[in-house]
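Spelled out from the first residue to the last, the chains are:
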There are 2 protein chains.
Amino acid sequence: MSKRIEVRGRPVGGGKLPLVCTPLVGANRDALLAEAREVASKRPDVVEWRVDFFEPIGRTGEVIDAGRELKAIFGDVPLLFTRRSTKEGGRPIPIDEPRLLELYDAICASGCIDLIDYELSNEPADVQHVRAQAHRNGVGLVLSFHDFDETPSADALVEKFMAMQGAGADVAKVAVMPKSREDVLTLLSATHQADQSLHIPLISMSMGPLGVLSRICGWMFGSALTFAVGMGSSAPGQIPLDELRGAVDILRKAVGASAD
Amino acid sequence: MSKRIEVRGRPVGGGKLPLVCTPLVGANRDALLAEAREVASKRPDVVEWRVDFFEPIGRTGEVIDAGRELKAIFGDVPLLFTRRSTKEGGRPIPIDEPRLLELYDAICASGCIDLIDYELSNEPADVQHVRAQAHRNGVGLVLSFHDFDETPSADALVEKFMAMQGAGADVAKVAVMPKSREDVLTLLSATHQADQSLHIPLISMSMGPLGVLSRICGWMFGSALTFAVGMGSSAPGQIPLDELRGAVDILRKAVGASAD
């Protein structure tokens, strides 16, 4: 049932479900590359470079050089390039939105990234700009929505997923904060509903300690990818990659042939 | 939040959540005791003797003798005595309900069991009879409801839990079959609602491959106990005890202090 995330026309990780993505949160080149080598040894399926943690983000040449070095380290493992805004849980960065878009243009053209994240809450014209730049360079567009305060209703979450597809996303991502255990079920239910309606792959998670369950079982409800800690965490509730894989493997084996 | 299952006034397993219960399904004394020794080595928190699998069920003396031998093997690990009816997923047995109630009287009085399961769908007078016999002997009463065909609505499930409490259960158990992934969320949501309303501990699960998730995470929504396979399975979807514990441990660690 769940759609697979593709990079340049091929399903990532041979189509396995869920893909495990590990964030990189290094603050400078040396820290980033040391983290990358450590993370690479854990064999994630996708790597997310959280460039809002990268202090030289304002110097495009340094960003691209670091991206090339990451590409050399990770080889075939797709690299997802993400600036998370402060409004949606990211770090403050020293450049404004127009300059960020120039960085996005340059990194898409560089050939060192495979997927790029952009928040749905941005100006529609900017979303279309990033989409065009990404697609011109064979880069997949992940449109995303994060709510660090609460979990909107299932209907509201399904609308977010639909809006991302409508805006031309190749992958639609929703991450929300539960205030109760019921909120975790709401996120899973919304994911399941969206998965049945959309033709693009989804990523979803309920964050924080209460939401950990969703990181382990979201794939059963249609989330194609889950985040786990390689060296550093990029969001609340992420657990170590080996533990996540252990729990997913037990579930996958138990669910057996009905997993798909 | 979740209430703990108690035996003779003390929380089972020191109050840990969830308790893991392993069924015994041996067809005769030798098979049962061999199974019991194997299961005991895996240290379950509770053992359920599914006496509908036990072919000498019609000879009360043999049942009590086997119960005493089980008690000797398991020591402090509580023994739950269960005849599951064919209507609710059990095996046909060669005795009728009045003779089964005589067996229940005898086993409650024998001192070799700690908990006894009886289905809520039985005649109310029979439920009260079993309750009185159980309580007279310090045995806890688990009232139960099973649907092997489908998952009733969350409201209907909450009503079942409430009816069990109303009928004097010490523990209320609901096991239902999902037809979809959404049904698994319905069972978890109903469990969460019931846990917030009831003053007795609950057990719930969604069965079959789709429902496996509930066996691993039900405790997060208020289910105090989960079943896992020691040697033989007694219901669809049960997974091996060590795998269940592995997955629960990962979740418990990740959820951390917010688990309670």
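Before going into details, it helps to say that this report is about the structure given with it. Fair warning: this is a prediction, and the values are worked out from it, not measured in the lab.

How each quantity is defined
Chains are numbered independently. Their residues run from 1 in the order of the written sequence. Written order determines the labels here, with chains lettered from A and ligands numbered from 1. Only residues with pLDDT of at least 70 are given local features in this predicted model, and only at 80 or more are side-chain atom pairs given and counted; all residues enter the totals for whole chains, interfaces and linings. Side-chain numbers here rest on the full set of heavy atoms in the structure, without hydrogens or water. Working definition: helices are DSSP H or I runs of at least four residues, strands are E runs of at least two. Numbering for both runs from the N terminus. A 1.4 Å probe rolled over the protein chains alone gives each residue an accessible area, and that area as a share of the maximum for its type sets the label: buried under 20%, exposed over 50%, partly exposed in between. By the convention used here, residues are in contact when the closest approach between their heavy atoms is within 4.5 Å. Only four residue types enter the charge count, namely Lys and Arg as positive and Asp and Glu as negative; His and the chain termini do not. For the purpose of locating charges, the reference atoms are NZ of Lys, CZ of Arg, CG of Asp and CD of Glu. Structural elements are reduced to axes, namely lines fitted to C-alpha atoms, with helices fitted over the stretch in contact, and the angle between N-to-C directions of any two is expressed from 0 to 180 degrees. By the definition used in this description, the sense in which the near helix is turned from the far one sets the handedness, with an anticlockwise turn below a right angle giving left-handed and a clockwise turn giving right-handed. The pocket and cavity definitions rest on a 1 Å grid over protein atoms only: a 1.4 Å probe that fits but cannot leave marks a cavity, an open set with protein on both sides within 12 Å along at least five of seven lines marks a pocket, and residues lining either have an atom within 4 Å of a point. Grid points are joined across faces, edges and corners, and a volume is the space filled by probe spheres set on the points. By nonpolar core is meant a set of buried Ala, Val, Leu, Ile, Met, Phe, Trp, Tyr and Cys residues that side-chain atoms within 4.5 Å join together. Three residue categories are used. Nonpolar comprises Ala, Val, Leu, Ile, Met, Phe, Trp, Tyr, Cys and Pro, charged comprises Asp, Glu, Lys and Arg, and polar comprises the others, including Gly. If DSSP finds at least two bridges between two strands, the strands pair. Superposing the copies works by least squares over the C-alpha atoms of residues that have pLDDT at least 70 in both of them. Handedness of a crossover: with both strands directed away from the viewer, a clockwise path from the first strand across the helix to the second marks it as right-handed. Put simply, buried area is how much 1.4 Å-probe accessible surface two parts lose in total, over both of them, once they are put together. One side-chain nitrogen of Lys or Arg within 4 Å of one carboxyl oxygen of Asp or Glu is enough to make a salt bridge. Here a polar contact is taken to be a pair of N or O atoms separated by no more than 3.5 Å, where protein atoms must pair a possible hydrogen donor with a possible acceptor and residues adjacent in sequence count only if both atoms sit in side chains.

## Concerning the overall build of chain A
On a plain count of helices and strands, chain A comes out with 8 helices and 10 strands. Seen through its principal axes, chain A has C-alpha atoms that stretch 45 × 40 × 35 Å. For chain A, with 260 residues in total, the buried portion stands at 62%. Of the contacts formed within chain A by residues at least 6 apart in sequence, a portion of 75% connects residues at least 24 apart. Of the charged side chains in chain A, 28 are positive and 35 negative; the average position of the first set lies 5 Å away from that of the second.

## A short note on the packing of helix α7 (residues 208–217) of chain A against helix α8 (residues 241–255) of chain B
For the pair α7(A) and α8(B), interaxial distance at closest approach is 8 Å and the crossing angle is 145°. Helix-helix and strand crossings are classified by hand; for α7(A) and α8(B) the assignment is right-handed. Packed against α7(A), whose contacting residues are P209(A), V212(A), L213(A) and I216(A), the element α8(B) presents I250(B), L251(B), A254(B) and V255(B) at the interface.

## Focus on empty space enclosed by the protein
Left-over empty space is what a probe sized like a water molecule reveals as it rolls over the atoms. Residues and elements named next belong to chain A. Considering all chains together, one arrives at 5 cavities of 30 Å³ or more under this definition. Considered as a void within the structure, the largest cavity measures approximately 130 Å³ in volume. Taken together, 16 residues make up the lining of the largest cavity; nearest its centre are R50, H146, K173, S234 and A235. Counting residues per element, the ones that place at least two in the lining of the largest cavity are β4 (46–50) and β8 (171–176).

## Observations regarding the nonpolar core
Looking at soluble globular proteins, one finds that nonpolar side chains tend to be buried together. In this structure, W49(A), F81(A), I116(A), L251(A), W49(B), F81(B) and I116(B) are the most contacted members of the largest nonpolar core, which totals 190 residues. Sequence-distant contacts of F81(A), that is, excluding residues within four places in its chain, are made with W49(A), V51(A), V63(A), L103(A), Y104(A), I107(A), I113(A), L115(A), I116(A) and D117(A).

## Some words on the layout of surface pockets
All names here are of chain B. In this model, the largest pocket occupies a volume close to 340 Å³. If you go around the largest pocket, you meet 14 residues; those closest to its centre are V7, V12, D76, V77 and P78. Grouping the constituent residues of the lining of the largest pocket by class yields 5 nonpolar, 3 polar and 6 charged.

## Focus: the sheet that holds strand β3 (residues 19–24) of chain B
The strands that make up a sheet are held in pairs by hydrogen bonds between backbone atoms, and each pair lies either parallel or antiparallel. Residue and element names in this part refer to chain B. The strand order across the open sheet formed by 8 strands is β9-β8-β7-β6-β5-β4-β3-β10, and the pairing between neighbours is parallel. Strands with a single pairing partner mark the edges of an open sheet, and in this sheet they are β9 (202–206) and β10 (225–227). Recorded for the sheet is a direction-independent mean angle of 25° between the axes of neighbouring strands. By the bridge criterion, 6 bridges tie strand β7 (residues 140–147) to strand β8 (residues 171–176) in an arrangement that is parallel.

## Re the relation of the copies chain B and chain A
For the pair chain B and chain A, the relating rotation is 180°, the translation along its axis is 0.0 Å, and the fit reaches an RMSD of 0.0 Å. Here the symmetry operator amounts to a two-fold rotation axis. By C-alpha distance to the rotation axis, the residue of chain B lying nearest is A247(B), at 2.5 Å. Here 100% of the interface residues in chain B have copies in chain A that are interface residues too; the copies meet face to matching face.

## Quick notes on the pairing of β9(B)
Residues and elements named next belong to chain B. Of all the 5 residues making up β9, 5 are buried; the element is thus mostly covered by neighbouring parts of the structure. Because side chains alternate across β9, one face comprises the buried residues L202, S204 and S206, and the other comprises I203 and M205, equally buried. As paired elements, β8 and β9 share 5 bridges and run parallel to each other. Bridge pairing links A175 to M205 in β9. Handedness of the crossover joining β8 and β9 through helix α6 (residues 181–197) is recorded here as right-handed.

## So, the interface of chain B and chain A
Reports of interface size often rely on the accessible area that becomes lost once the parts have come together. Taken together, the contact pairs 27 residues of chain B with 27 residues of chain A. Both faces considered, chain B and chain A share a buried interface measuring about 2,600 Å² in area, 68% of it formed by carbon and sulfur atoms. It is R181(B), L213(B) and I250(B) that lose the most area in chain B upon contact with chain A, and together they represent 27% of the buried surface on that side. Across the contact surface, chain B and chain A share 2 salt bridges. Across the salt bridge formed by E243(A) and K253(B), the nearest N and O atoms sit 2.3 Å from each other. Where chain B touches chain A, the interface holds 6 residue pairs in polar contact (both at pLDDT 80 or more). Contributions of two or more residues to the side of chain B that touches chain A are made by α6, α7 (208–217) and α8 of chain B. Grouping the constituent residues of the side of chain B that touches chain A by class yields 18 nonpolar, 4 polar and 5 charged.

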